[in-house]
Amino acid sequence: QVQLVESGGGLVQAGASLRLSCAASGRTFSSYAMGWFRQAPGKEREFVAAISRSASTRNYADSVKGRFTISRDHAKNTVYLEMNSLKAEDTAVYYCAQATTAIPSGDRYQYNYWGQGTQVTVSS
């Protein structure tokens with residue numbers, strides 16, 4: 001079984017930065033791609049960023065490209081999401097997820113393990 005625990009969320013002003021962390025335990029972390037998704041109230045869960053097993057490939061949603069950076073540390077079994085120039089529309093619960101393969105995907109159905117989520121609120 002895989003456990004994913006997110007941290008680092010909070011309340012910030014527009015233009016600020018946050019770094020989310022997701023600590024993984026259980027199944028071999030380094031064997032699978034990892035992703036970040038978010039869900040705002042009343043909206044579908046949407047893709048934010050994903051990183052391949054080797055970290056050689058990183059994909060981003062258009063809405064965060066150039067502002068967010070995904071990375072991973074195999075020694076710490078942790079994936080990160082560095083968020084800069086935050087906007088009010090970034091407000092959501094952010095979830096990390098582990099993919100079923102080593103290839104990153106924006107399709108949430110390609111992920112079979114999910115964390116509980118961490119709230120990010122950006123005031124304008």
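Attention in this report is confined to the structure presented alongside it. Every value quoted in this text rests on a predicted model; they were computed, and no experiment measured them.

1. Topic: the sheet that holds strand β1 (residues 3–7)
Okay, so step 1: Read across the open sheet, the four strands follow the order β1-β3-β8-β7; overall the sheet is antiparallel. Strand pairing shows two members of the sheet lacking a second neighbour, β1 and β7 (68–73), which therefore form its edges. Geometrically, the sheet is characterised by an average inter-axis angle of 15° between neighbouring strands, direction not taken into account.
Okay, so step 2: Examined bridge by bridge, β1 and strand β3 (residues 18–25) share five bridges and lie antiparallel to one another. Residue pairing in the sheet places E6 in a bridge with C22 of β3.

2. Quick word on the pairing of strand β9 (residues 92–99)
Successive side chains on a regular strand alternate, one facing one side of the sheet and the next facing the other.
Okay, so step 1: Within β9, seven of the eight residues are buried, leaving the element largely enclosed by the surrounding structure.
Okay, so step 2: The sheet contact formed by strand β4 (residues 34–39) and β9 spans six bridges and is antiparallel. The partner of W36 across the bridge, within β9, is C96.
Okay, so step 3: Here β9 runs beside strand β11 (residues 118–123); their pairing, made up of three bridges, is antiparallel. Paired with A92 across the bridge in β11 is V120.

3. Things to note about the state of the cysteines
Okay, so step 1: A complete count under the given rule lists one disulfide for this structure.
Okay, so step 2: With its sulfur 1.9 Å from that of its partner, C22 forms a disulfide with C96. With C22 in strand β3 and C96 in strand β9, this residue pair connects regions lying 74 residues apart in the sequence.
Okay, so step 3: Given a relative accessible area of 0%, C96 falls into the buried group.

4. Focus on the pattern of salt bridges
Okay, so step 1: Taken as a whole and judged by the stated rule, the model has five salt bridges.
Okay, so step 2: Put simply, D62 and K65 hold a salt bridge, and the shortest N to O gap is 3.1 Å.
Okay, so step 3: For D62, a relative accessible area of 66% translates into the label exposed.
Okay, so step 4: Taken together, the salt bridges that share partners define one network made up of R38, E46, R67 and D90.

About the criteria used
- Residues numbered from 1 in each chain as written.
- Predicted model: local features only at pLDDT ≥ 70, side-chain atom pairs only at ≥ 80, totals over all residues.
- Heavy atoms only, no water.
- Pairing = 2+ DSSP bridges.
- Helix = DSSP H or I, 4+ residues; strand = E, 2+ residues; numbered from the N terminus.
- Axes fitted to C-alpha atoms, helices over the stretch in contact; angles between N-to-C directions.
- Buried < 20%, exposed > 50% of the residue type's maximum accessible area, 1.4 Å probe, protein only.
- Disulfide = S-S within 2.5 Å.
- Salt bridge = Lys/Arg side-chain N within 4 Å of Asp/Glu carboxyl O.

Interpretation in functional terms is not warranted from these geometric data alone.
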